[in-house]
Amino acid sequence: MNLELAGKKVLITGASQGIGLAIAKGFLEEKAKTCIVSRGSNQLYENEQELQKKYSAENIFAMNCDCTNVKSINELQKEVGIRWKNLDIVIINVGNGQSVPSALPDADEWQRTWKNNFESALETARVFLPMLEKSKGVLVFISSIAGMEAFGAPTDYSTAKAAIIALSKNLARKLAPNVRVNVVAPGNVYFKGGTWDEKIKNNKKHIDEIIKANVPMNRFAAPEEIADSVLFLCSERAKFITGVTFVIDGGQTVGIT
Amino acid sequence: MLENIFRLDGKIIVITGATGLLGKKHAEAIACYGGIPVLLDLSKHSVDKLAAELNEKYKTGSIGFAVDITNEDAIKSNVKEIVERFGKIDGLVNNAANNPKVEQSDEVNFSRLENFSIDNWNKDLSVGLTGSFLCAKYYGYEISKNINGGSIVNISSDLGLIAPDQRLYSKLGVLEEQQPVKPVTYSVVKAGLIGLTRYLATYWVGKNVRCNAICPGGVENGHPNEFLEKVSYKIPMNRLAKVDEYQGTLLWMLSDASSYLNGAIVPVDGGRTVW
């Protein structure tokens, strides 16, 4: 299947590790150009260097951006505009599921989680939509199955991820036919250094039991499995798909009625 | 106490041209001694990358800004941003300069005085001198507001003290009127920085702001052997500098170790200006 992604210019936020990094690699494999964005950790630049070696320096660059800060996103947009002039695809992947277990987190905690998971996505979309409208591009949000059902994830996180799905549907409807907007909602994704990695280190047996009880396919997803769906949604093969939420969770949500 | 006199703990120090060959080393020295380097250069990508490296290695709160130091408005807003973030500025290293490589072209040699364009003259002076003036005007003024003042270090050059020996750059088999030379702007900018150093050393002296200049010699950086041989002959220590050989002098000038040093023009040149 020819995805026709070669030469496309793709911006990916939250790309220093895990799903974001896997998405970047996926696009590079398809000969697209990528800009990987995160909050300026050394890891980001090490990834940049490694990917430049593998996919050539002109196809990848890293940018430091705090996506919870509109000024920072505007600076990113300016830099992308200078380097690329136009932009075809934006993957909004910034998020952090760490919060408190209480039914209703206090106002400060709520605000922090909301900012990290929803406002960052909203403002990134706001800043980059004009470029996507110009190029008739594609926007993909990474939400979570926690935005669809109450699995026991933190309430504020779950609500923010649900809001992303609502935002996406509204944008999809109102920006059609120019910009396609879709959501990918992953289940439990394992990668080294991720939150599940940490949880497994603390109590492997307990985590194994959770997965067995909740995920029909009885395993974690690999970041590459999420990336594949994102690539498809961004490709010409998905050009009639907009406003959908792709659930990639090994069947976890099927069991919930 | 004595063992800590070179420390820069908690000092906010602005470095221009921070991602260049020497700028990087200045930033590293500051971070290593507990200071917080604020990295300025034209490319946002480069300053962010250097900040990330320093933060990983030295656990400092280094931050980078893409600032064109010839643009007064850009500097004005950058000072505001730094002060909002850190509350103060303690030091400034005026390090940025165009370093025109001695180049040779087939037809006309544009580095030669008789061919040197007013456009290049203006560009070089704009970065090296106007930029340093503007940085002193804004970052320096901010330093002068501290009760204990701070330190400004200007990076001049051995060629701020002596003329370039153009024979070093000459190429065999090239007509005399096409021989490459070190451009006139280099000497003028570097000598100008010495004037700026003396001016600043006295200007805010009541506010405890010291200002000194380093006059570094050339740094070994992949030069052809033929050039290295020729230039070594002019240097008592018989070699160019290693890239990390200015870090000590910089730390000394920025820290309390040099608390009575002011207006000094210090050649660090392996003795080249002595001969």
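Residues numbered from 1 in each chain as written. Chains lettered and ligands numbered in written order. Predicted model: local features only at pLDDT ≥ 70, side-chain atom pairs only at ≥ 80, totals over all residues.

A. Focus on the overall build of chain B. Helix and strand content of chain B: seven helices and seven strands. Traced from its N-terminal end to its C-terminal end, chain B shows the element sequence β-α-β-α-β-α-β-α-β-α-β-α-α-β. For 275 residues, the compact-globule estimate of 2.2 N^0.38 gives 19 Å, and the C-alpha radius of gyration of chain B, at 19 Å, lies within 12% of that figure. Put simply, chain B has 275 residues, and 44% of those count as buried. Put simply, 75% of the contacts in chain B that link residues at least 6 apart link residues at least 24 apart. (Helix = DSSP H or I, 4+ residues; strand = E, 2+ residues; numbered from the N terminus. Rg over C-alpha atoms; globule rule 2.2 N^0.38 Å. Buried ≥ 20, exposed ≤ 12 C-beta atoms within 10 Å, placed from the backbone. Contact = placed C-beta atoms within 7 Å.)

B. Fine view of the overall build of chain A. A tally of regular secondary structure across chain A gives eight helices and seven strands. Relative to a compact globule of 257 residues, whose C-alpha radius of gyration would be 18 Å, chain A shows 18 Å and is just as compact. Principal-axis analysis of the C-alpha atoms gives chain A an extent of 50 × 40 × 40 Å. Per-residue burial over chain A gives 46% buried out of 257 residues. Intrachain contacts of chain A at a sequence separation of at least 6 include 73% that bridge at least 24 residues.

C. Structural view of the interface of chain A and chain B. With 10 residues of chain A at the contact, the number on the chain B side is eight residues. Within the residue set of the side of chain A that touches chain B, elements represented by two or more residues are helix H2 (42-55), strand E3 (60-64) and helix H3 (70-84) of chain A. Across the side of chain A that touches chain B, the residue classes break down as four nonpolar, four polar and two charged. (Nonpolar A, V, L, I, M, F, W, Y, C, P; charged D, E, K, R; others polar.)

D. Representation of the nonpolar core in the model. One finds A:Val230, B:Ile13, B:Val38 and B:Leu40 to be the most contacted residues of the largest nonpolar core, which totals 131 residues. If one sorts the elements of this core by residue count, helix H4 (residues 118-144) of chain B sits on top with nine residues. Residue contributions to this core reach at least three from each of two domains, namely domain 1 (9-186 + 222-244) and domain 2 (191-220) of chain A. Each residue touching B:Leu40, except ones within four places of it in the same chain, is listed here: B:Val14, B:Ile15, B:Thr16, B:Ala18, B:Val47, B:Phe65, B:Val67 and B:Ile69. (Core = buried A, V, L, I, M, F, W, Y, C linked by C-beta atoms within 7 Å. Domains from an automatic or database assignment.)

E. Looking closely at the packing of helix H1 (residues 21-32) of chain B against helix H2 (residues 44-58) of chain B. All names here are of chain B. In the contact formed by H1 and H2, the axes pass within 10 Å of each other and the chain directions differ by 30°. Here H2 runs roughly parallel to H1, going by the angle between their axes. Both H1 and H2 take part in a crossing whose hand is right-handed. Every residue of H2 that contacts H1 at Lys-24, Ala-27, Glu-28, Ala-31 and Cys-32 is listed here: Leu-50, Leu-54 and Tyr-58. Taken together, the residues of the contact of H1 with H2 break down into six nonpolar, no polar and two charged. (Axes fitted to C-alpha atoms, helices over the stretch in contact; angles between N-to-C directions. Parallel < 35°, antiparallel > 145°, perpendicular 65-115°, else oblique. Left-handed = near helix turned anticlockwise from the far one by under 90°.)

F. The arrangement of the sheet that holds strand E2 (residues 36-41) of chain B in detail. Residues and elements named next belong to chain B. On the basis of which strands lie adjacent, the open sheet formed by seven strands has the order E3-E2-E1-E4-E5-E6-E7 and parallel pairing. If you trace the sheet from one side to the other, it starts and ends with strand E3 (63-66) and strand E7 (265-268), each paired once. Sheet twist, expressed as the average angle between the axes of neighbouring strands with direction ignored, equals 20°. The strands that helix H5 (residues 184-203) touches are strand E4 (91-94), strand E5 (150-155), strand E6 (209-216) and E7; relative to E6, the one it contacts most, it runs at about 160°. (Pairing = 2+ DSSP bridges.)

G. Quick look at the domain arrangement of chain A. Residues and elements named next belong to chain A. Each domain of chain A was delimited in the assignment, giving domain 1 (9-186 + 222-244) and domain 2 (191-220). Across the boundary between the two partners, domain 1 contributes four residues, which contact four residues of domain 2. Tallied by class, the residues present in the side of domain 1 that touches domain 2 amount to one nonpolar, three polar and no charged.

H. How the structure looks around the sheet that holds strand E6 (residues 180-186) of chain A. All names here are of chain A. Here we have seven strands laid out as an open sheet, ordered E3-E2-E1-E4-E5-E6-E7, and parallel in their pairing. Only two strands of the sheet have a single partner each, and these edge strands are E3 and strand E7 (245-248). Along the sheet, successive strands turn relative to each other by an average axial angle of 15°, direction set aside. Across the sheet, helix H4 (residues 107-135) lies against strand E1 (9-13), strand E4 (89-92) and strand E5 (138-142), angled at about 175° from E4, the strand it touches most.

I. Structural detail: the environment of B:Val189. Residues and elements named next belong to chain B. Mapped onto the secondary structure, Val-189 falls in helix H5. Between the C-alpha atoms of Val-189 and Gly-20, which are 169 residues apart in sequence, the distance is 17 Å. Excluding residues within four positions of it along the chain, Val-189 makes contact with Ala-97, Asp-124, Leu-125, Gly-128 and Leu-129.

J. Seen up close, H2(B). If you check H2(B), its first and last C-alpha atoms are 21 Å apart, about what 15 residues at 1.5 Å a residue would give, namely 21 Å. Regarding H2(B), the residues found buried are B:Lys44, B:Val47, B:Asp48, B:Lys49, B:Leu50, B:Ala51, B:Ala52 and B:Leu54. On its buried face, H2(B) is in contact with H2, E3 and H3 of chain A together with H1, E2 and E3 of chain B. Phi turns positive one or two residues past the end of H2(B), at B:Lys59, with a value near 50°. (Expected span 1.5 Å × (residues − 1).)

K. Geometry of the pairing of E6(A). All names here are of chain A. Counting buried residues along E6, seven of its seven residues qualify, which places the element largely inside the surrounding structure. A two-sided burial pattern is seen for E6, the buried positions comprising Arg-180, Asn-182, Val-184 and Pro-186 on one face and Val-181, Val-183 and Ala-185 on the other. With five bridges joining them, E5 and E6 adopt parallel strand pairing. Across the sheet, Leu-139 pairs through a bridge with Val-181, a residue of E6. What joins E5 to E6 is helix H5 (residues 155-175), and the crossover it makes is right-handed. Direction of pairing for E6 relative to E7: parallel, over a ladder of four bridges. (Right-handed = clockwise from strand over helix to strand, strands pointing away.)

L. Focus on unusual backbone geometry. All names here are of chain A. For the bond from Ala-176 to Pro-177, the omega torsion is 5°, close enough to zero to count as cis. Mapped onto the elements, Pro-177 comes out in the loop between H5 and E6. Here the phi dihedral of Lys-31 falls at roughly 70°; this positive angle occurs in a residue that is not glycine. Relative to the helices and strands, Lys-31 is located in the loop between helix H1 (18-29) and strand E2 (33-38). Looking at Lys-31, the number of C-beta atoms within 10 Å reads 13, which means it is partly exposed.

M. Here's a closer look at the confidence of the model for chain B. Mean pLDDT over chain B stands at 94; residues scoring 70 or higher make up 97%. Interface predicted TM-score (ipTM) for the complex: 0.75; the corresponding pTM is 0.85. (pLDDT = per-residue confidence, 0-100.)

N. View of the environment of A:Thr155. Residue and element names in this part refer to chain A. Mapped onto the elements, Thr-155 comes out in helix H5. On a C-alpha basis, the gap between Thr-155 and Thr-113 in space is 9.7 Å, while along the polypeptide they are 42 residues apart. Those residues in contact with Thr-155 that lie beyond four places of it in its chain are Ala-103, Leu-104 and Pro-105.

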